[in-house]
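# A closer look at the structure
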Amino acid sequence: MPESFAHLVVTGARGQVGRQLLRLAPGARAYGRDDLDITDADALGAVLTPGTVVLNCAAYTAVDQAESDPEAAFTANATGPAVLAAACARAEARLIHLSTDYVFAGTHNRPYDTGDTTAPATVYGRTKLAGEQAVLASGAAAHLVRTAWVYSGEPGDFVGTMRRLERERDTLDVVDDQLGAPTYAADLAAGLLELAGRPDAPRVLHATNAGQGTWFDLARAVFEEVGADPARVRPCPSSAFPRPAPRPAYSVLSHRSWDEAGLTPLRPWREALHAALS
(Lines give C-alpha, C1' and ligand atoms only; values in the text may rest on other atoms or scores of the structure.)
Protein backbone atom coordinates (compact mmCIF):
# COMPACT_ATOMS: atom_id res chain seq x y z
CA MET A 1 0.00 0.00 0.00
CA PRO A 2 1.43 3.45 -0.87
CA GLU A 3 3.03 5.29 2.04
CA SER A 4 1.70 8.68 0.93
CA PHE A 5 -1.74 9.32 -0.53
CA ALA A 6 -1.37 12.90 -1.77
CA HIS A 7 -1.09 11.64 -5.36
CA LEU A 8 -4.42 9.79 -5.15
CA VAL A 9 -7.69 11.12 -6.53
CA VAL A 10 -10.93 9.38 -5.56
CA THR A 11 -13.97 9.98 -7.77
CA GLY A 12 -17.34 8.79 -6.56
CA ALA A 13 -15.98 9.56 -3.11
CA ARG A 14 -19.38 9.56 -1.37
CA GLY A 15 -20.26 5.98 -2.33
CA GLN A 16 -19.59 2.86 -0.29
CA VAL A 17 -16.13 2.13 -1.65
CA GLY A 18 -15.20 5.80 -1.96
CA ARG A 19 -15.87 6.42 1.71
CA GLN A 20 -13.75 3.45 2.71
CA LEU A 21 -10.92 4.61 0.46
CA LEU A 22 -10.91 7.97 2.20
CA ARG A 23 -10.95 6.33 5.61
CA LEU A 24 -7.86 4.32 4.70
CA ALA A 25 -6.20 7.09 2.67
CA PRO A 26 -7.20 10.36 4.35
CA GLY A 27 -4.69 12.35 2.34
CA ALA A 28 -6.33 11.52 -0.98
CA ARG A 29 -8.19 14.20 -2.92
CA ALA A 30 -11.87 13.36 -2.84
CA TYR A 31 -14.52 14.30 -5.40
CA GLY A 32 -18.21 13.52 -5.28
CA ARG A 33 -20.56 14.00 -8.21
CA ASP A 34 -21.25 17.62 -7.24
CA ASP A 35 -17.53 18.39 -6.93
CA LEU A 36 -16.23 16.99 -10.20
CA ASP A 37 -18.10 16.00 -13.36
CA ILE A 38 -16.10 13.16 -14.91
CA THR A 39 -17.73 13.89 -18.29
CA ASP A 40 -16.10 17.37 -18.26
CA ALA A 41 -12.64 17.07 -19.83
CA ASP A 42 -11.64 20.60 -18.84
CA ALA A 43 -12.55 20.06 -15.20
CA LEU A 44 -10.59 16.82 -15.16
CA GLY A 45 -7.58 18.49 -16.74
CA ALA A 46 -7.49 20.95 -13.86
CA VAL A 47 -7.07 18.22 -11.22
CA LEU A 48 -4.92 15.61 -12.99
CA THR A 49 -1.13 15.82 -13.12
CA PRO A 50 1.61 13.37 -14.11
CA GLY A 51 1.89 10.67 -11.46
CA THR A 52 -1.67 11.06 -10.20
CA VAL A 53 -3.51 7.77 -9.57
CA VAL A 54 -7.28 8.04 -10.02
CA LEU A 55 -9.49 5.53 -8.22
CA ASN A 56 -12.78 5.82 -10.10
CA CYS A 57 -15.75 4.66 -8.02
CA ALA A 58 -18.23 6.98 -9.73
CA ALA A 59 -21.13 5.03 -11.27
CA TYR A 60 -24.85 4.85 -11.84
CA THR A 61 -25.74 1.82 -9.72
CA ALA A 62 -29.56 1.86 -9.69
CA VAL A 63 -29.82 -1.44 -11.58
CA ASP A 64 -33.61 -1.47 -11.93
CA GLN A 65 -33.96 2.25 -12.66
CA ALA A 66 -31.40 1.95 -15.46
CA GLU A 67 -33.90 -0.14 -17.42
CA SER A 68 -36.16 2.91 -17.78
CA ASP A 69 -33.41 5.56 -17.75
CA PRO A 70 -30.68 4.15 -20.02
CA GLU A 71 -29.41 7.58 -21.08
CA ALA A 72 -28.46 8.56 -17.54
CA ALA A 73 -26.88 5.16 -16.92
CA PHE A 74 -24.86 5.38 -20.15
CA THR A 75 -23.66 8.89 -19.34
CA ALA A 76 -22.37 7.88 -15.91
CA ASN A 77 -21.12 4.39 -16.69
CA ALA A 78 -19.78 4.71 -20.22
CA THR A 79 -19.30 8.35 -21.24
CA GLY A 80 -17.84 9.34 -17.87
CA PRO A 81 -15.16 6.64 -17.77
CA ALA A 82 -14.32 7.30 -21.44
CA VAL A 83 -13.73 11.01 -20.80
CA LEU A 84 -11.88 10.30 -17.56
CA ALA A 85 -9.59 7.72 -19.18
CA ALA A 86 -8.78 10.08 -22.06
CA ALA A 87 -7.96 12.83 -19.55
CA CYS A 88 -5.70 10.45 -17.63
CA ALA A 89 -3.89 9.57 -20.86
CA ARG A 90 -3.30 13.24 -21.65
CA ALA A 91 -2.11 14.02 -18.11
CA GLU A 92 0.07 10.89 -17.81
CA ALA A 93 -2.00 9.81 -14.82
CA ARG A 94 -2.94 6.22 -13.93
CA LEU A 95 -6.53 5.08 -13.68
CA ILE A 96 -8.05 2.29 -11.58
CA HIS A 97 -11.64 1.85 -12.73
CA LEU A 98 -14.18 -0.14 -10.73
CA SER A 99 -16.59 -2.38 -12.64
CA THR A 100 -19.04 -5.19 -11.97
CA ASP A 101 -20.00 -8.84 -12.33
CA TYR A 102 -23.04 -7.65 -14.33
CA VAL A 103 -20.91 -7.51 -17.49
CA PHE A 104 -21.25 -11.32 -17.57
CA ALA A 105 -24.37 -13.31 -18.45
CA GLY A 106 -24.55 -14.91 -15.00
CA THR A 107 -25.05 -18.40 -16.40
CA HIS A 108 -21.71 -20.04 -15.52
CA ASN A 109 -21.22 -22.89 -13.08
CA ARG A 110 -17.61 -21.92 -12.33
CA PRO A 111 -16.06 -18.58 -11.30
CA TYR A 112 -15.81 -16.06 -14.12
CA ASP A 113 -12.21 -15.38 -15.15
CA THR A 114 -11.05 -12.02 -16.46
CA GLY A 115 -10.88 -13.28 -20.04
CA ASP A 116 -14.29 -14.93 -20.13
CA THR A 117 -16.82 -13.72 -22.68
CA THR A 118 -18.93 -10.79 -21.54
CA ALA A 119 -22.67 -10.86 -22.26
CA PRO A 120 -24.58 -8.44 -20.02
CA ALA A 121 -28.31 -9.05 -19.70
CA THR A 122 -29.27 -5.62 -18.29
CA VAL A 123 -28.96 -1.97 -19.25
CA TYR A 124 -26.74 -1.46 -16.21
CA GLY A 125 -24.43 -4.28 -17.30
CA ARG A 126 -24.27 -3.04 -20.89
CA THR A 127 -23.37 0.49 -19.81
CA LYS A 128 -20.70 -0.80 -17.43
CA LEU A 129 -19.24 -2.96 -20.22
CA ALA A 130 -19.15 0.06 -22.53
CA GLY A 131 -17.22 1.92 -19.82
CA GLU A 132 -14.75 -0.95 -19.51
CA GLN A 133 -14.16 -1.01 -23.25
CA ALA A 134 -13.60 2.75 -23.37
CA VAL A 135 -11.09 2.63 -20.52
CA LEU A 136 -9.08 -0.19 -22.07
CA ALA A 137 -9.09 1.48 -25.50
CA SER A 138 -8.12 4.93 -24.21
CA GLY A 139 -4.36 4.53 -24.19
CA ALA A 140 -4.29 5.42 -20.50
CA ALA A 141 -2.23 3.45 -18.01
CA ALA A 142 -5.36 1.83 -16.63
CA HIS A 143 -6.51 -1.10 -14.53
CA LEU A 144 -10.03 -2.45 -14.59
CA VAL A 145 -11.24 -4.11 -11.37
CA ARG A 146 -14.52 -6.03 -11.39
CA THR A 147 -16.23 -6.73 -8.09
CA ALA A 148 -19.63 -7.90 -6.87
CA TRP A 149 -22.16 -7.79 -4.04
CA VAL A 150 -20.49 -4.89 -2.25
CA TYR A 151 -21.77 -3.84 1.18
CA SER A 152 -20.57 -1.75 4.09
CA GLY A 153 -23.21 -2.71 6.65
CA GLU A 154 -24.65 0.79 6.70
CA PRO A 155 -28.35 1.62 6.22
CA GLY A 156 -29.45 1.14 2.63
CA ASP A 157 -27.16 -1.69 1.53
CA PHE A 158 -28.17 -5.36 1.76
CA VAL A 159 -26.42 -6.09 5.05
CA GLY A 160 -27.71 -2.90 6.64
CA THR A 161 -31.21 -3.71 5.41
CA MET A 162 -31.06 -7.21 6.89
CA ARG A 163 -30.05 -5.73 10.25
CA ARG A 164 -33.04 -3.40 10.14
CA LEU A 165 -35.50 -6.08 9.03
CA GLU A 166 -34.30 -8.41 11.79
CA ARG A 167 -35.63 -5.83 14.26
CA GLU A 168 -38.86 -5.21 12.36
CA ARG A 169 -40.06 -8.67 11.24
CA ASP A 170 -40.56 -12.07 12.79
CA THR A 171 -39.56 -13.89 9.59
CA LEU A 172 -37.95 -12.88 6.34
CA ASP A 173 -37.98 -14.46 2.86
CA VAL A 174 -34.70 -14.07 0.93
CA VAL A 175 -33.78 -15.41 -2.51
CA ASP A 176 -31.68 -18.57 -2.50
CA ASP A 177 -31.08 -19.09 -6.24
CA GLN A 178 -28.52 -16.34 -6.91
CA LEU A 179 -24.91 -17.20 -6.09
CA GLY A 180 -22.13 -14.67 -5.57
CA ALA A 181 -19.34 -13.48 -3.30
CA PRO A 182 -20.42 -10.88 -0.72
CA THR A 183 -17.69 -8.22 -0.63
CA TYR A 184 -16.97 -5.89 2.27
CA ALA A 185 -16.31 -2.37 0.96
CA ALA A 186 -13.44 -1.86 3.43
CA ASP A 187 -11.62 -4.96 2.17
CA LEU A 188 -12.14 -3.96 -1.45
CA ALA A 189 -10.83 -0.45 -0.72
CA ALA A 190 -7.69 -1.87 0.90
CA GLY A 191 -7.13 -4.00 -2.19
CA LEU A 192 -7.54 -1.02 -4.52
CA LEU A 193 -5.02 0.98 -2.52
CA GLU A 194 -2.54 -1.88 -2.75
CA LEU A 195 -3.12 -1.96 -6.51
CA ALA A 196 -2.45 1.79 -6.64
CA GLY A 197 1.15 0.97 -5.73
CA ARG A 198 1.45 -1.77 -8.35
CA PRO A 199 1.60 -0.29 -11.85
CA ASP A 200 2.95 -3.63 -13.10
CA ALA A 201 -0.26 -5.52 -12.26
CA PRO A 202 -2.48 -6.93 -15.04
CA ARG A 203 -4.88 -4.54 -16.70
CA VAL A 204 -8.01 -6.54 -15.85
CA LEU A 205 -8.54 -7.98 -12.38
CA HIS A 206 -11.32 -9.40 -10.23
CA ALA A 207 -11.54 -8.56 -6.52
CA THR A 208 -14.14 -9.97 -4.13
CA ASN A 209 -14.01 -11.56 -0.73
CA ALA A 210 -13.21 -15.28 -0.97
CA GLY A 211 -15.87 -17.96 -1.06
CA GLN A 212 -19.44 -17.86 -2.25
CA GLY A 213 -23.00 -17.89 -0.99
CA THR A 214 -26.54 -16.88 -1.88
CA TRP A 215 -28.41 -13.83 -0.64
CA PHE A 216 -30.21 -16.25 1.68
CA ASP A 217 -26.84 -17.41 3.05
CA LEU A 218 -25.76 -13.82 3.59
CA ALA A 219 -29.00 -12.87 5.32
CA ARG A 220 -28.77 -15.85 7.68
CA ALA A 221 -25.16 -14.95 8.44
CA VAL A 222 -26.22 -11.39 9.32
CA PHE A 223 -28.84 -12.75 11.72
CA GLU A 224 -26.22 -14.99 13.33
CA GLU A 225 -23.79 -12.08 13.72
CA VAL A 226 -26.36 -9.95 15.54
CA GLY A 227 -27.39 -12.81 17.82
CA ALA A 228 -30.72 -13.56 16.15
CA ASP A 229 -32.11 -16.96 15.18
CA PRO A 230 -31.06 -17.59 11.53
CA ALA A 231 -34.05 -19.93 11.12
CA ARG A 232 -36.18 -16.79 10.93
CA VAL A 233 -34.73 -16.29 7.43
CA ARG A 234 -36.54 -18.50 4.90
CA PRO A 235 -35.36 -19.34 1.35
CA CYS A 236 -37.40 -18.40 -1.69
CA PRO A 237 -36.86 -18.23 -5.49
CA SER A 238 -36.08 -15.04 -7.38
CA SER A 239 -39.53 -15.29 -8.96
CA ALA A 240 -40.97 -14.29 -5.59
CA PHE A 241 -39.45 -10.82 -6.06
CA PRO A 242 -39.81 -9.87 -9.77
CA ARG A 243 -37.58 -6.93 -10.74
CA PRO A 244 -37.30 -4.81 -13.91
CA ALA A 245 -33.67 -5.94 -14.36
CA PRO A 246 -32.96 -9.68 -14.16
CA ARG A 247 -30.32 -10.60 -11.57
CA PRO A 248 -27.48 -12.92 -12.58
CA ALA A 249 -28.00 -16.43 -11.22
CA TYR A 250 -24.24 -16.87 -10.89
CA SER A 251 -21.95 -13.94 -10.07
CA VAL A 252 -18.84 -15.58 -8.61
CA LEU A 253 -15.64 -14.01 -9.97
CA SER A 254 -12.30 -15.83 -10.17
CA HIS A 255 -9.41 -14.29 -8.21
CA ARG A 256 -6.76 -16.00 -10.33
CA SER A 257 -5.34 -12.84 -11.92
CA TRP A 258 -5.33 -11.00 -8.58
CA ASP A 259 -3.52 -13.83 -6.81
CA GLU A 260 -1.02 -14.42 -9.62
CA ALA A 261 -0.13 -10.70 -9.55
CA GLY A 262 0.98 -11.15 -5.93
CA LEU A 263 -1.74 -8.89 -4.58
CA THR A 264 -3.07 -9.69 -1.11
CA PRO A 265 -6.12 -11.98 -1.37
CA LEU A 266 -9.32 -10.64 0.17
CA ARG A 267 -10.30 -12.74 3.19
CA PRO A 268 -13.27 -15.15 3.23
CA TRP A 269 -16.59 -13.33 3.07
CA ARG A 270 -17.84 -14.75 6.35
CA GLU A 271 -14.80 -13.36 8.22
CA ALA A 272 -15.30 -10.00 6.52
CA LEU A 273 -18.95 -9.89 7.53
CA HIS A 274 -18.00 -10.53 11.14
CA ALA A 275 -15.57 -7.61 10.99
CA ALA A 276 -18.20 -5.38 9.40
CA LEU A 277 -20.73 -6.09 12.13
CA SER A 278 -18.36 -6.12 15.12
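These lines cover the structure that appears in this document, whether it is placed above or below.

Rules used in this analysis
- Residues numbered from 1 in each chain as written.
- Predicted model: local features only at pLDDT ≥ 70, side-chain atom pairs only at ≥ 80, totals over all residues.
- Heavy atoms only, no water.
- 1 Å grid on protein atoms, 1.4 Å probe; cavity = no way out; pocket = protein on both sides within 12 Å on 5 of 7 lines; lining within 4 Å.
- Points joined across faces, edges and corners; volume = space filled by probe spheres on them.
- Nonpolar A, V, L, I, M, F, W, Y, C, P; charged D, E, K, R; others polar.
- Axes fitted to C-alpha atoms, helices over the stretch in contact; angles between N-to-C directions.
- Helix = DSSP H or I, 4+ residues; strand = E, 2+ residues; numbered from the N terminus.
- Parallel < 35°, antiparallel > 145°, perpendicular 65-115°, else oblique.
- Left-handed = near helix turned anticlockwise from the far one by under 90°.
- Contact = heavy atoms within 4.5 Å.
- Core = buried A, V, L, I, M, F, W, Y, C linked by side-chain atoms within 4.5 Å.
- Buried < 20%, exposed > 50% of the residue type's maximum accessible area, 1.4 Å probe, protein only.
- Pairing = 2+ DSSP bridges.

The next subject is empty space enclosed by the protein. In total, this model carries one cavity of 30 Å³ or more according to the counting rule given. Taken as a whole, the largest cavity spans an internal volume of roughly 30 Å³. If you go around the largest cavity, the residues you meet are His-206, Ala-207, Thr-208, His-255, Trp-258, Pro-265 and Leu-266. Broken down by class, the residue content of the lining of the largest cavity amounts to four nonpolar, three polar and no charged.

Once that is clear, we can look at the packing of helix 8 (residues 215-225) against helix 10 (residues 269-277). Axis separation between helix 8 and helix 10 bottoms out at 10 Å; the angle between their running directions is 45 degrees. As far as their axial angle goes, helix 10 and helix 8 are oblique. In the crossing of helix 8 with helix 10, the sense of the turn from one axis to the other is right-handed. Counted together, Asp-217, Leu-218, Ala-221, Val-222, Glu-224 and Glu-225 of helix 8 and Trp-269, Arg-270, Leu-273, His-274 and Leu-277 of helix 10 form the full contact between these two elements. Here the residues of the contact of helix 8 with helix 10 are counted per class, giving six nonpolar, one polar and four charged.

Moving on: the nonpolar core. As a rule of thumb, nonpolar side chains are buried together in soluble globular proteins. Judged by nonpolar contacts, the single largest core of 33 residues is most densely connected at Tyr-151, Val-159, Met-162, Val-174, Leu-218, Val-222 and Leu-273. Put simply, the parts of the chain that give this core at least two residues each are helix 6 (158-168), strand 7 (172-175), helix 8, strand 12 (233-236) and helix 10. The greatest single-element share of this core, amounting to seven residues, is contributed by helix 8. Beyond its immediate chain neighbours, meaning those up to four positions away, Val-222 contacts Val-159, Met-162, Arg-163, Leu-273 and Leu-277.

What follows deals with the sheet that holds strand 10 (residues 204-206). Here we have six strands laid out as an open sheet, ordered 2-1-3-4-5-10, and parallel in their pairing. Only two strands of the sheet have a single partner each, and these edge strands are strand 2 (29-31) and strand 10. Along the sheet, successive strands turn relative to each other by an average axial angle of 20 degrees, direction set aside. Two strands pair when backbone bridges link them, and strand 1 (residues 8-11) and strand 3 (residues 53-56) are joined in this way by four bridges, in the parallel orientation. When the sheet's bridge partners are listed, Thr-11 is paired in strand 3 with Asn-56.

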